Each structure stands twice: as C-alpha cells, then as structure tokens.
Amino acid sequence: MAKIIAVTGKGGTGKTAITTLLIRHLTRGSKIVLAVDADPDTNLPETLGCETNRSVGDIKEFMQEERDKLPPDSNKETILKSKLYEILEEMPGYDLVVMGRPEGSGCYCYINNLLRGIMDKLVNNYDVLIIDTEAGLEHFSRKIFRNVDDLVVVTDGSRRGLRTAERIRDLVGELETDVSSISVIANKVTDANRLVIAETAKELGLELIGMIPADEMISERDLAGEPLFDLPEESVAVQEIKKIAEKLGL
Amino acid sequence: MAEEFPFEISPMFEGERIRKDGMFVELAGPKAVGFELVSATDMDEVEDGKFTLIGPDISEMEEGARYPFAMTYKIAGELVEADLESIVERRNHEFQNYIQGMMHLNQRDDIWVRIGKDAIEKGLTSFEQVAKAIMMLFKNELPFIEKVEAVYYTDEAEINKEIESIRDIYTGRDERTRNLHDEDVDTFYGCSLCASFAPTSVCVITPDRIALCGAINWFDGRAAAKVDPEGPQFAIPKGDVIDAESGEYTGVNEVAEKLSSGEYDRIRLHSFLEYPHTSCGCFEVVGYYIPEVDGIGWVDRDFTGTAPNGLQFSTMAGQTGGGKQVVGFLGIGVQYFRSPKFIQADGGWDRVVWMPKMLKDKVSEDIPDYIRDKIATEEDVTDVESLRNFLKDKDHPILERWEEEEEVEKEASAAPQAEFTAPQAGFTASQMQMPTNFAPSAPMVGGGGGNGGVKVILKNAKMSVDRIIIKKLD
C-alpha cells in the first residue's frame, strides 16, 4: 500500500519547495515515489528540474473531444489509462503527473469515474504518493484521491498563517476524503519568532512537525529560476526536511 | 502448467506498471509502430500451438531500447466468428498484464508494451514463452477457441507492410459495429452516475440511443457492466418487445418502475411525446414541443440565445431535468441525432422545425438531405409566427400535419348538433406535468377512427391536472 502525503498551503508559503525536498529525500533512499502536481498555479515540475508538457486536464479534454470520433466500441478505460501513462514523466526514482487545468464545460462524470479507478491501480505501484495541492483541495472534493495518510499544511510562522492551517483542518472535516493525520510545517522561520510559533501552534491545537529556517540557497535558486532538487546536503532546509521526513514515517 | 514458464501469471499483476527505471525494453507505444490483431480463420488454416517470430527475439534485444512490435493470432473453432475477434484481443491485453514483469496498454494499432528487467532476470528469453502462455490461457478461458496460432513481429519493415491492411480490418469492424441496432441485442445498459441528483431518473442506453450526457454508449455500458456489474453501469435485459416503433420493452419497463420508485412504469425509448425517457440534467441538447406548429425544436447547452418559444436553454433545462416524465420536453445526447431511430415514434426528422445554427452545422451530415434546409435556425426566425411562415415557405413535411388538423376541424364545425360520441379512453395525467404554454392542437386521446372521436383544445392553459377521464356516453 502506498503511503499518501498531501502537502498544502497558501501560495508563497513554500509548499512546493518543501514537496520537492521531501521527494529529494525519498529518492535518495530506496523508495519509489509518485509525485502529483495538483495545483494549477505552481511550478512543481520546475523546482524538481523536470519539464512536462501535458497534464491530466489535457487528456480529459482529449477524451471529450475524441469521444464522437473514436470507434463506438473502443474501450475508453484502456485508452484513458494509456494516455495517462503517456503524460507520466519518468525520472530516476520518481514519476511525476501534473493534474493541470480545471475542467471545461460538459459532463466529466464518466471520465472522472474512469480516472478514479485508474489512479487507484496506478498508486499501488509506488511506495509513496506525494501530492502538492492548492489550499482549496479541489481534487480531493472530486475524490480523484480517496484518502490521505498525512495532510501537511505549510505556513509562514505568523498567527494568521497558523489560523489558515486551522481553517484547512476544518475544511478537511467537510470532505469525504479520509485524512488520517494533519500536521503543520512552519517555513522561513527566524530565530526571533521560533518560540512564538511553537506556542501559537500549541494554542490552536495544531501538530507542528517542523520549522524550516529561511534558506539562502533556496532564495538564490528561486531568484534564478533554478531547480531545488539537487540542493546540497548542507542546505539548512534539507537538514530540517530529514527530521520532518522521519516524523512522517518516511 | 505454470512451471513451464519462467514467470508467474496471475490477475494480481494486472495493474503492474513497469517504470522506465525498471524496464528492459519498450515495444511499440507512442514512439514506435505496432498493432495487435486476432483473426477468425478456418480450421485447416491454423496449426494449433504454433508460434512464429519475424524479427529479433528478446534475447537479441538491447536493454533500454525500444522496438516496433506486432502480435497476431489466428483462431478457429466451430463457434468462432468474426464478432469475437475484438473480444479475444481484449483478453490478450488482460492476459499479458497477468504476466509478472510485463505490461500491456491500449489496443489495436496503439498498443504499448514493456518488459521489465526482473522478468529477464527470472529467465524470460523469448517471445515464444509469452505467446505459448497466452495461447494456453486462450484455450483454457475461452472454450470456443479450438485451435490457435500466433505470429509476432519485431521487424519494422514487415510491420509496415502489414499495417495498412490491418487498419482496413479495424475500419471494417467499425462499420459492422455502427450497424448494430436495438433489435440485434438482448441487453441494454443502465447508468446511475447521475442518480444522486435525480433519483427517479432511469437512464437506458441502447445501440440506437446514446446516454443523454453523451458520454456513454451501449458498448461503454457493456464494457463497464462486465467489469463491475454492481457498479454505476448495469445490464437491463430487454425482455419482450411491446412496440418496436417507439421502443417499448417489458424488461425496460420493469426496471423503470423499480428504479424510479414507482414514479413511472413505462418508457418509450424513441418517443418524444409519450412516456419519454427521463433526464437528470446532464443532457447536451433539450427538445421542446412547439404547439403552434405541432413541431419539435432543439436547443443545445452552448446556445445562449432564446428559442422561438421565448425560452432559453437554462429555463427549459429546468423543466426537463429532475427525473420526471415531462411531456413536451426531452433531454438527449448530440449523437442521438445520428440514430436511425431518432424520435421515430413521433415522425423523426419530419417533426424537427428549429435548431440553433451552430448545432445544425455540427450535426449537418446526420440531417437527411430533403429536410436540412427546411429546418429553421435563429438566423431565419426568432418567434413562432415567423417560424410558421418559414415552414410554409419551405414546404416542410410538418405542413401535412396541419392539413390533417384543419380537416378534422372542418368536420367538427360542419356538424355542430352531432351527437357527442367519444371512444372510451382513460387518460391519467397524474404522472405527467403540463409545462406552462402547453397547448396541444393534435388530439391527445387515442381515437380509433369511426365517427367522431373527440378533440380537446387547451390554449394558453396553465394548469396541472390529476385525471382527465373521457367516457363514452351510451
């Protein structure tokens, strides 16, 4: 059974960087990872250093458009599965799938139904599934992913940021997705606010599993648009991620 | 049996994915040519169990490389026929996936196969091993196959020689598939994906009637019901034919009563006006009855304007959805226009008077030539009066219906003192709601000829009627 981890948080908090570093950590072990970019707004492929050009959104569109042109008895499930495999980016140690744009108009019930079945089976081929998802958790509401072992909310250390984590925790309660645990990572933390963050988290009843310091190496690469995947061991973020990974049982 | 092969064969390997990292070779796929084909052949043309390979074998292949790949099988047996070919191809797909270390995707000339390094380590050296395993499974699982022979190709030139004629075979199959009709099958399929928001809607998918959402045809229903009979797509045994013209079947009616929780118990699959198929709300196109011309207009989801009846798609969609049989509106999938049984109970294309231009262009090839120019669009008319004139100008077949009415009216007015006789007819409208401008000008009571009959004209009536009982007075 693959362990499923979803990393969420508002834009700008650094969740994509954290997702990338978690993947980096896992691939250095012997675990096979399926990375899912479920946030149309971010750049997980870029931070991983893995360019992709097609997404699940594209293949859903393709199925809708080709529907009337395909021979009537084509097995749509088999075609959809093959298309999904085509867009999977295969990298050493991990595969990446980009969910892509939201649905157009038209009825996607049947396609989504097929896709759920295909994703269920695909996921069994991996040790860990890491999903970089936007704070609205749209793909979960559609049940493309049925359950999550760990939902990790990334926030900056501010009180407002931690309250976002609280809100996400409440949102999760409304979804039918089964989430086994919710935890928080505070990012870009300075020495000055470290203590306050820990206290606030405690006050709000949030499980804080890591505090990642502001990392020069990351800022430089972000500025230059370079991947984070090959950050050296000395990076402070990398160090903290190791501890976080352990806490998550990875 | 299984010790013959250096690999395990089990359904538990069906979802196995061979990643690039773990791949020995890739065969066909998006970046190389390939195909698979099963041919039903005569008994004396098949050498049972024989395997031929044209091109390099697995042991001669380079790790990490990609090769073109084709698989062909000849099958023979007393019960073997051409229609079984694609079914056996599907099983080839399944069985190859059951082999540990082997992955098979897609179908026909889009196949994509990978062999894993672990399979090689366990002793896989030749395609012959794979083919023999598949042929064994064919005979074990598909008893109608008495003899089977396999020929695999890994030589690009040879594959390219064959591929055109192979594609012709696929096209020939598609032709036959398109010629499959309601009367040719025993089973229709139902879909309950929309049940959560229209619990009393019963969606019946037949070879001549695609699902109203447009997403599922009869073959999809069949494939899905086979894989998961308790899932959202399920079989509906047709039962006996009650009326072939309108498409009413005992099996369908039974299911209708059960799944609509008694809301209705009859569905006429190809009728607009009587016991119409219900809708959830996902239909691509909605049809609406225009009483002033006794015709049917259609509006699709993308049309933002107003139909000649003054309503927009969204309003009519509201009337039509929800899983109730509403006479005067019908939700359909665009492909239903293509059906040879398209609303045939009510006159088919002869009854169609208006469609938005874009929709009309989209399905232009499906509209019979004789009527195409007689169907108005928003560019021709935007209200009912102009529509009437347009139809008169173009001499639309609907004019014949107007003449019939006028005849009946004349007769009725010519004998104002005549006995008011009417054939016995019990017409319960409790299950049908009248939409607000419903003014039927055609007789709704089944009149059986003879003298008189009765005509009920309701104009601009806004009413809901529990029962209308028309009795013959003795």
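Values in this document were obtained by computation on a predicted structure and should not be read as measured data.

Basis of the calculations
- Residues numbered from 1 in each chain as written.
- Chains lettered and ligands numbered in written order.
- Predicted model: local features only at pLDDT ≥ 70, side-chain atom pairs only at ≥ 80, totals over all residues.
- Heavy atoms only, no water.
- Pairing = 2+ DSSP bridges.
- Helix = DSSP H or I, 4+ residues; strand = E, 2+ residues; numbered from the N terminus.
- Contact = heavy atoms within 4.5 Å.
- Axes fitted to C-alpha atoms, helices over the stretch in contact; angles between N-to-C directions.
- Phe/Tyr/Trp six-rings, centres within 6.5 Å; stacked < 30°, edge-to-face > 60°.
- Lys NZ or Arg CZ within 6 Å of the ring centre and 35° of its normal.
- pLDDT = per-residue confidence, 0-100.
- Core = buried A, V, L, I, M, F, W, Y, C linked by side-chain atoms within 4.5 Å.
- Buried < 20%, exposed > 50% of the residue type's maximum accessible area, 1.4 Å probe, protein only.
- Domains from an automatic or database assignment.
- Buried area = accessible area lost by both parts, 1.4 Å probe.
- Salt bridge = Lys/Arg side-chain N within 4 Å of Asp/Glu carboxyl O.
- Polar contact = N/O pair within 3.5 Å; in protein donor to acceptor, adjacent residues only side chain to side chain.

Draft legend 1. Structural context of the sheet that holds strand S7 (residues 112-116) of chain B. Judged by pairing direction, the sheet is mixed, and its four strands sit side by side in the order S4-S1-S7-S6 (chain B) without closing on themselves. Every other strand in the sheet has two partners, leaving strand S4 (66-67) and strand S6 (102-105) of chain B as the edge strands with one partner each. Along the sheet, helix H4 (residues 76-87) of chain A makes contact with S6 and S7 of chain B, crossing S6 of chain B at roughly 115°.

Draft legend 2. Quick peek at the packing of aromatic side chains. Considering all chains together, one arrives at 23 aromatic pairs over all chains under this definition. Taken together through their ring pairs, the aromatic side chains of Phe51, Phe69, Tyr73, Phe95, Tyr98, Phe127, Phe138 and Tyr152 of chain B make up a single cluster. It is Lys83 of chain A that lies over the ring of Phe62 of chain A; its NZ or CZ is 4.6 Å from the centre. Against the face of Tyr85 of chain A rests Arg17 of chain B, its NZ or CZ located 4.8 Å from the ring centre.

Draft legend 3. Region of interest: the confidence of the model for chain B. All names here are of chain B. Counting all residues, the mean pLDDT for chain B is 87, and 88% of those residues have values of 70 or more. Scored below 50 in pLDDT, residues 415-451 shows 63 contacts in the model against residues more than four places distant or in partner chains. As scored by the predictor, the complex reaches a pTM of 0.80 and an ipTM of 0.85.

Draft legend 4. The arrangement of the nonpolar core in detail. Of all hydrophobic cores here, the largest spans 106 residues; its most connected members are Val36 and Leu84 of chain A together with Phe188, Val299, Trp354, Leu387 and Leu391 of chain B. Sort the elements by how many residues they give to this core and helix H5 (residues 109-123) of chain A lands first, with eight residues. Both domains that furnish three or more residues to this core are identified here as domain 1 (11-175) and domain 2 (182-400) of chain B. Core analysis: the next-biggest nonpolar cluster, separate from the first, contains 43 residues, Ile58, Met61, Phe95 and Leu142 of chain B among them.

Draft legend 5. Structural context of the interface of chain A and chain B. Across the boundary between the two partners, chain A contributes 31 residues, which contact 36 residues of chain B. Both faces combined, the contact of chain A with chain B buries some 3,000 Å², and carbon together with sulfur accounts for 49% of it. By the criterion of area lost to chain B, the three top residues of chain A are Pro72, Glu90 and Tyr110 of chain A, representing 22% of everything that side buries. Linking chain A with chain B are seven salt bridges. On inspection of chain A and its partner chain B, the count reaches 18 residue pairs in polar contact (both at pLDDT 80 or more). Listed by contribution, the elements that provide at least two residues to the side of chain A that touches chain B are H4, strand S3 (89-91), strand S4 (94-98) and H5 of chain A. No other element matches H4 of chain A, which puts seven residues into the side of chain A that touches chain B.

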